[in-house]
Each structure stands twice: as structure tokens, then as C-alpha cells.
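# Tertiary structure, described
Spelled out, the chains give:
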Amino acid sequence: MKYYRVTAYTMYCGEKMTDYIATEDEEELQTFVQKLIEDNAAEWEPHWADYAEEGYESQEDWEDEYYGSCGATVDEITEAEYKEETKPVWPFELVRKEEV
């Protein structure tokens, strides 16, 4: 089994989404990557009506630029990294303990 960390991004800083997959199948990996890219693009999709304010001549030009710049990085990771990065986080682990 191979383990992957996939990070989808848009053309704007900070607009990213990371997910993980364990698979031996290259087609399954590529389908997963494409779906994550699409989900991330939709999550951060700009207001197309603002195309002129963003310096574009048409809404279609802006959409083409935006979607054309979306992509993903795929990093193969170890099984230990996969398990660590995908383990559930309980709510009490999110509460910062005060030091005395």
C-alpha cells in the first residue's frame, strides 16, 4: 500500500485544502486528486461579477485564469506519517492547558 498527502490550491495565497489517500491504484489516486482540486476551487470560488475590479476584461477570462491556476501537490508519505496525520483529534486535545 502507498500513502499520499494531497494538497489542492488556487491562485491565491492560503486557499488550499489537504486530504489523504492510501492506495495502490494510480487511477484511483488521480481521480482523488482531481476531485480534491475541484472541491477546493469551488470552496474558494471568487465572485465572478467582480471581474473588472480584478483587472479582467470578462467574467470568462477570470474564470479561465482561476480554474487554470488550480492544481495540487501529491506527496508520497510513510505509513507512520499517514496514521499520525489522519488520526482523529478529540475536542479535549484542542483545548490549551494553562501552565501554572
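Because the structure is a prediction, the values reported are computed rather than measured.

## Side note on the overall build of the protein chain
Assigned secondary structure in the protein chain consists of four helices and three strands. Seen in sequence order, the protein chain has helices and strands lined up from the N terminus as β-β-α-α-β-α-α. Against the globule reference of 13 Å for 100 residues, the protein chain gives a C-alpha radius of gyration of 18 Å, more extended than a compact globule. Within the protein chain, buried positions represent 26% of all 100 residues. Summarising the internal contacts of the protein chain: among those between residues at least 6 apart in sequence, 56% fall at separations of at least 24. As displayed, the protein chain has an accessible area near 7,600 Å², and 48% of this comes from carbon and sulfur atoms.

## Side note on the sheet that holds strand β1 (residues 2-9)
Overall, antiparallel pairing links the three strands, which are arranged β2-β1-β3 in an open sheet. In this open sheet, the two edge strands, each paired with only one partner strand, are β2 (16-23) and β3 (71-77). Sheet twist, expressed as the average angle between the axes of neighbouring strands with direction ignored, equals 20 degrees. Summarising the sheet, β1 and β2 pair through eight bridges and their orientation is antiparallel. Looking at β2, one finds that Lys2 is bridged to Thr23. Helix α1 (residues 26-43) rests against β1, β2 and β3 of the sheet, and its axis sits at about 165 degrees to β2.

## Some points on the environment of Asn40
Within the secondary structure layout, Asn40 lies in helix α1. Look past the residues within four positions of Asn40 in its chain and what remains in contact with it is Ala8, Tyr9, Thr10, Glu15, Lys16, Met17 and Tyr66.

## Focus: the pattern of salt bridges
Within this structure, the stated rule accounts for five salt bridges. Asp75 is the salt-bridge partner of Arg5, the closest N and O atoms lying 3.8 Å from each other. Of this pair, Arg5 sits in strand β1 while Asp75 sits in strand β3; the two residues are 70 residues apart in sequence, bridging distant segments of the chain. Between Glu79 and Lys83 there is a salt bridge, and its shortest N-O distance comes to 3.1 Å. With Glu79 and Lys83 both in helix α3 (residues 79-86) and four residues apart, the pair spans about one turn of that helix. Overlapping salt bridges bring together Arg5, Asp75 and Glu85 as one network.

## As for the pairing of β1
Here β1 folds back onto β2, and the loop between the two strands holds six residues, one of which, Gly14, carries a positive phi near 85 degrees. Relative to β3, β1 runs antiparallel, the two sharing seven bridges. Opposite Val6, over in β3, you have Val74 as the bridge partner.

What counts and how
- Residues numbered from 1 in each chain as written.
- Predicted model: local features only at pLDDT ≥ 70, side-chain atom pairs only at ≥ 80, totals over all residues.
- Heavy atoms only, no water.
- Helix = DSSP H or I, 4+ residues; strand = E, 2+ residues; numbered from the N terminus.
- Rg over C-alpha atoms; globule rule 2.2 N^0.38 Å.
- Buried < 20%, exposed > 50% of the residue type's maximum accessible area, 1.4 Å probe, protein only.
- Contact = heavy atoms within 4.5 Å.
- Areas by Shrake-Rupley, 256 points an atom, 1.4 Å probe, with all protein chains shown as cover.
- Pairing = 2+ DSSP bridges.
- Axes fitted to C-alpha atoms, helices over the stretch in contact; angles between N-to-C directions.
- Salt bridge = Lys/Arg side-chain N within 4 Å of Asp/Glu carboxyl O.

Note that every value here comes from positions in space, so none of it alone points to a role or purpose.
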